[in-house]
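# Examining the three-dimensional arrangement
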Amino acid sequence: MKALFPRAGFAAGALLLFAAPFLTANPFYQRVAALTLLAAISASAWNVIGGYAGQVSFGHSVYFGIGAYAALLAYAKLGWPPIAGLPFGIVASFALSIVVGLPSFRLRGHYFSMATIAIAALAGILVTNWDFVGGAIGVMGPARARSFADLLFRSSLPYYAIFLCVLAILLLFTRLLQKSRMGFYLRAIGSDERVAQSLGVPVRRYKLYALLISGAFTSIAGTLYAVMVGFVDPNSGFGILISVNMVVMAALGGAGTLFGPLIGAAILVPLGEATNALWGARGIAYVAYGVIIMLLARFSPGGLAELGRFIVKGWRRRAA
Amino acid sequence: MSITRRSVLLAVPALAVLRQRAEAAAPVKLGYIEPLTGNSAAAGHAIKQGIDLLVDVINKPYPQLAPLPLAATSGLPRLGGAKIEVIWADNQGSPAVGQSDALRLITQDHVVALLGAYQSNITLTSSAVAERYGIPYLTGESVASNLTERGYKWFFRTTPYAPQFAKLYFDFLANVAKMGKPTSKVAIVHENTDYGTSVAQSITKFATEHGKKIFLTISYNANSTDVSPQVLSLKSAKPDVVIFISYTSDSILYMKTFQTLGYRPPIVIGDDSGFSDPSFVTSVGNLAQGALNRSAYAIGKSGSLSYKMNALYKKKTGRDLDDSVARPMQGFMVMCDAINRAGSTKPEAIRAALAATDMPPSELITAYKGVKFNKEGQNFLAYSMMTELQGKTYVPVWPPKEAIAKLQLPFKG
């Protein structure tokens, strides 16, 4: 029973994800579903370094922006379909991880978080003043589809399918990571860096590996965003809210758990869209966000995953 | 009354009649996307107040606004007096949210047309959704030139756009040069985000295309608390003309810094926005006498349509109507008029009516020379005039035909 339960739950969850957009013919709900998966991809990518390795980055928008710009610059400068910018985004994210990761990993805790904020802000300013990449005005994608490769669809379902594939790959990857030696190393680093080091974990090397993986997947999320929305400017690519969203979603669901970020995204994205739709125009989403963060910080700092474990434990105890 | 078989039988046709009436008067729903939270929320809310006023004007009889289309009647006469209903969506300053808004308005709320979205980049992304769904989209407010360069079938713009402003400034300066004042050294001072950069680019592009050179370009951060370095470099370069593309707090700061550093450029042009903000005039009006501005709206003479509209707007909000609200209001009027002429809420019919729009200046709130769209969907009769701050208000000073007061140069500060 104990072994069966998570497996059955997993199967039900996977089935729901596959079926979700077909449960409704409403194009808006389908778009919300697609946006949820997109947010889940970036939050899950953040989770590798921020959750498992405990290095809370508030600057992941820099990778998101790189991916988004790579896509639209591939179109604007070379006339390629935006999705063709994906490998460029990944390569650039690798380069950035190495250049930025090595020095900033000397910092710990809050200081690391502050450094990452600074890096993202710097990237935003740099792009704003760099005319080649569109400066403050930003870069536009193709106005209308020239071919299928431009991936411009009226329906959100094709995007949903693409995002689901990427998310599945990312989660599978994370799952393997979790079980591997590296996963143990990262969790060791996450719980106490000094102890991990004293036990012989090559801390900086493994933090860098985690950042490489996390950054690359975040840049993929950025590319997919740009393909879907068709426009990016410094604020929508490098803005601090993008980073904060990743952190909040992962924290809500449970940072350092496999499905935590997905659960967080599945709650917060529809909540944001719904509040904007229902009470329109009153910024209720931000209020709701704030309340959720406060409740979480007070009652369940480990996110919903912790809460879930707690409930299951209590239920088991009673059953026994 | 007890429920008898007869009363039930009678109720059926009665209900049917009621339902038919209800259908005849079913409101025409329009979606309006605006920044109602975030950095541009103040502008978004000012526009919303203007549009809400127009909804009232259209839905109720306002015979005193006579030449304004749809004012004298209630609702849309050719749609059986159907009322206009606007469904607002907040774009939160995000291009992706603007896109979600457009999709939601089209598929959930079943709006027949969209308007918006203030920031050019959000107009860009949200109109792409309307294009894919085949729903007319009209902007009366976004000025980036690329919006009408996309070959869209469903996109219309009533406002003048950036290259037209550039032309206005240079036409005006050519005229000033004829008066014997030097105007060859033009400096552009612009804030460094989307708005400032794109307008500065359009002006520079226009200048180079017409064999003129921009003497000096200074970009700055609109949130900065000190602009003395920028003013000092202007002071040492001594341009003949300074064009400011600024938001509110920074344009106020420039006027104050001019005062403290004792520098006055001979000609100061403010590109709408910050210079048009009511708080600019109240806080530094006495330091900015003779500042020039562009505007597609002037309150005008007593009895004119623009004057009466201002009176209504002022009664509702306590503020005078300005260019940034009048242009979106004009766009909204054009849209409602087109739906009425279409006599239908079918998107294709509305699109055709929009494309066939031919509104004479007498029916306009703004100073456009009319509303007529070219095949890109741009209103090629869109038009702005030069206004000058004299006393507590901006008055039209150029071109001569529109001028109410005499141009007073140089800039007095």
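Residues numbered from 1 in each chain as written. Chains lettered and ligands numbered in written order. Predicted model: local features only at pLDDT ≥ 70, side-chain atom pairs only at ≥ 80, totals over all residues. Heavy atoms only, no water.

## Points about the overall build of chain A
Within chain A, the regular secondary structure consists of 14 helices and 2 strands. Its C-alpha atoms give chain A a radius of gyration of 20 Å, within 12% of the compact-globule value 20 Å for 320 residues. Projected onto its principal axes, the C-alpha positions of chain A cover 65 × 50 × 35 Å. Across the 320 residues in chain A, those meeting the buried criterion constitute 51%. Sequence separation of 24 or more characterises 78% of the internal contacts of chain A that already satisfy a separation of 6 or more. Put simply, chain A shows about 15,300 Å² of open surface, and 73% of that area lies on carbon and sulfur atoms. (Helix = DSSP H or I, 4+ residues; strand = E, 2+ residues; numbered from the N terminus. Rg over C-alpha atoms; globule rule 2.2 N^0.38 Å. Buried < 20%, exposed > 50% of the residue type's maximum accessible area, 1.4 Å probe, protein only. Contact = heavy atoms within 4.5 Å. Areas by Shrake-Rupley, 256 points an atom, 1.4 Å probe, with all protein chains shown as cover.)

## Focus: the overall build of chain B
A tally of regular secondary structure across chain B gives 13 helices and 12 strands. Against the globule reference of 22 Å for 413 residues, chain B gives a C-alpha radius of gyration of 23 Å, in line with a compact fold. Each principal axis of the C-alpha atoms in chain B carries an extent, and together these give about 95 × 45 × 35 Å. Taken across its 413 residues, chain B has 58% of its residues classed as buried. Carbon and sulfur atoms make up 56% of the accessible area of chain B, which amounts to about 16,600 Å² in all. When the 43 basic and 31 acidic side-chain charges of chain B are each reduced to a single mean position, those positions are 5 Å apart. (Lys, Arg positive; Asp, Glu negative; His and termini not counted. Charge placed at Lys NZ, Arg CZ, Asp CG, Glu CD.)

## A closer look at helix α5 (residues 162-178) of chain B
Residue and element names in this part refer to chain B. In this model, α5 (17 residues) spans 25 Å end to end at C-alpha, consistent with the 24 Å of a helix rising 1.5 Å per residue. Within α5, burial applies to Ala162, Phe165, Ala166, Leu168, Tyr169, Phe170, Phe172, Leu173 and Val176. In the stretch just after α5, Gly180 is the one whose phi turns positive, near 90°. (Expected span 1.5 Å × (residues − 1).)

## Re a nonpolar patch on the surface
Together, A:Phe10, A:Phe259, A:Ile263 and A:Ile267 make up an exposed nonpolar region whose accessible area comes to about 330 Å². The topology assignment puts A:Ile263 in helix α12 (residues 260-278). (Patch = residues over 30% accessible without salt bridge, like charges linked within 9 Å, V, L, I, M, F, W, Y side chains within 5 Å. Salt bridge = Lys/Arg side-chain N within 4 Å of Asp/Glu carboxyl O.)

## Overview of the environment of B:His45
All names here are of chain B. Along the chain, His45 turns up in helix α2 (residues 41-59). When the C-alpha atoms of His45 and Ala207 are compared, they prove to be 35 Å apart, with 162 residues separating the residues in sequence. Setting aside its immediate chain neighbours within four residues, His45 contacts Pro35 and Leu36. A polar contact of 3.0 Å, which involves the side chain of His45, links it to the backbone oxygen of Leu36. (Polar contact = N/O pair within 3.5 Å; in protein donor to acceptor, adjacent residues only side chain to side chain.)

## Quick word on the environment of A:Ala196
Residues and elements named next belong to chain A. Of note, Ala196 is situated in helix α8 (residues 193-198). The class of Ala196 is buried, set by a relative accessible area of 2%. In this structure, Ala196 is in contact with Ala188, Ile189, Val201 and Val203, ignoring residues within four places of it in sequence.

## A look at the domain arrangement of chain B
Residue and element names in this part refer to chain B. The domain boundaries assigned to chain B delineate domain 1 (22-160 + 301-382) and domain 2 (163-295 + 386-398). Taking only C-alpha atoms, the centre of domain 1 and the centre of domain 2 are 29 Å apart. A combined buried area of about 870 Å² lies between domain 1 and domain 2, and 52% of that area is made up of carbon and sulfur atoms. For domain 1, the biggest contributors to the area lost against domain 2 are Val143, Pro160 and Asp323; these three give 43% of the whole. Where domain 1 touches domain 2, the interface holds 2 salt bridges. Two residues, Asp323 and Arg294, come together in a salt bridge whose shortest N-O distance is 4.0 Å. Put simply, domain 1 and domain 2 have 0 residue pairs in polar contact (both at pLDDT 80 or more) between them. Residues of the side of domain 1 that touches domain 2, tallied by class, amount to 4 nonpolar, 5 polar and 4 charged. (Domains from an automatic or database assignment. Buried area = accessible area lost by both parts, 1.4 Å probe. Nonpolar A, V, L, I, M, F, W, Y, C, P; charged D, E, K, R; others polar.)

## Quick look at the sheet that holds strand β2 (residues 84-90) of chain B
Residue and element names in this part refer to chain B. The parallel open sheet is built from 5 strands, whose spatial order is β2-β1-β3-β4-β5. In this open sheet, the two strands that pair with only one neighbour each are β2 and β5 (155-157). Put simply, the sheet's adjacent strands are angled 25° from each other on average, direction ignored. Pairing of strand β1 (residues 28-34) with strand β3 (residues 113-116), which is carried by 4 bridges, proceeds in the parallel orientation. When the sheet's bridge partners are listed, Gly31 is paired in β3 with Leu114. Against the sheet, helix α4 (residues 120-133) contacts β1, β3, β4 (137-139) and β5, and its axis sits at roughly 155° relative to β4. (Pairing = 2+ DSSP bridges. Axes fitted to C-alpha atoms, helices over the stretch in contact; angles between N-to-C directions.)

## A few points about the packing of aromatic side chains
Tallying each qualifying case throughout the model produces 26 aromatic pairs over all chains. Ring plane angle 55° and centroid distance 5.9 Å describe the contact between A:Phe173 and A:Phe217, whose orientation is recorded as tilted. Of this pair, A:Phe173 sits in helix α6 (residues 157-179) while A:Phe217 sits in helix α9 (residues 203-229), placing them 44 residues apart in sequence. A relative accessible area of 12% means that A:Phe217 is categorised as buried. Here B:Tyr195 and B:Tyr247 contribute two aromatic rings whose centre-to-centre distance is 5.3 Å and whose plane-to-plane angle is 40°, an arrangement assigned as tilted. With B:Tyr195 in helix α6 (residues 194-209) and B:Tyr247 in the loop between β8 (241-245) and α8 (248-261), the pair connects residues that are 52 residues apart, well separated along the chain. A relative accessible area of 15% places B:Tyr195 in the buried class. Of the residues examined, B:Tyr247 reaches a relative accessible area of 33% and is grouped as partly exposed. Linked through ring pairs, B:Tyr220, B:Phe244, B:Tyr254, B:Phe258, B:Tyr263, B:Phe275, B:Phe280 and B:Phe411 together constitute an aromatic cluster. (Phe/Tyr/Trp six-rings, centres within 6.5 Å; stacked < 30°, edge-to-face > 60°.)

## A few points about the interface of chain A and chain B
The figure often quoted for interface size is the accessible area lost as the parts come together. Each partner contributes to the interface: chain A provides 30 residues, whereas chain B provides 31 residues. Both faces combined, the contact of chain A with chain B buries some 2,700 Å², and carbon together with sulfur accounts for 54% of it. A per-residue breakdown of the area chain A buries against chain B is headed by A:Ile137, A:Arg154 and A:Asn276, which together make up 21% of the total. Taken together, the connections running from chain A to chain B amount to 1 salt bridge. Here B:Glu131 ties to A:Arg144 by a salt bridge, and the two come within 3.2 Å at their closest N and O atoms.

## Considerations on the nonpolar core
Core analysis: the largest hydrophobic core is formed by 86 residues, its most contacted members being A:Ile41, A:Tyr69, A:Tyr159, A:Phe163, A:Leu186 and A:Met249. The element best represented in this core is α9(A), accounting for 17 residues. In this view, A:Leu186 contacts A:Val48, A:Tyr52, A:Ala53, A:Leu177, A:Tyr206 and A:Ala210; residues no more than four positions away in its chain are not counted. The next biggest cluster of nonpolar side chains, apart from the first, holds 54 residues, and it includes B:Val55, B:Ala71, B:Cys336 and B:Ile365. (Core = buried A, V, L, I, M, F, W, Y, C linked by side-chain atoms within 4.5 Å.)

## Describing unusual backbone geometry
Residue and element names in this part refer to chain B. Of note, the amide linkage connecting Gly116 to Ala117 takes the cis form, showing an omega dihedral of -10°. Turning to its location among the elements, Ala117 is positioned in the loop between β3 and α4. Its identity as a non-glycine residue notwithstanding, Leu70 has a phi of 70°, on the positive side. Tracing the backbone shows Leu70 in the loop between α2 and β2.

## Looking at the side chain of B:Arg157
Residue and element names in this part refer to chain B. Along the polypeptide, Arg157 turns up in strand β5. Despite its burial, Arg157 remains without a salt bridge, the nearest opposite charge being carried by Glu149 at 6.9 Å. Here the side chain of Arg157 touches Ala144 through a polar contact of 2.8 Å, landing on its backbone oxygen. Excluding residues that lie within four positions of it along the chain, Arg157 makes contacts with Thr139, Ser142, Val143, Ala144, Ser145, Leu147, Thr148, Phe373, Gly377, Gln378 and Asn379.

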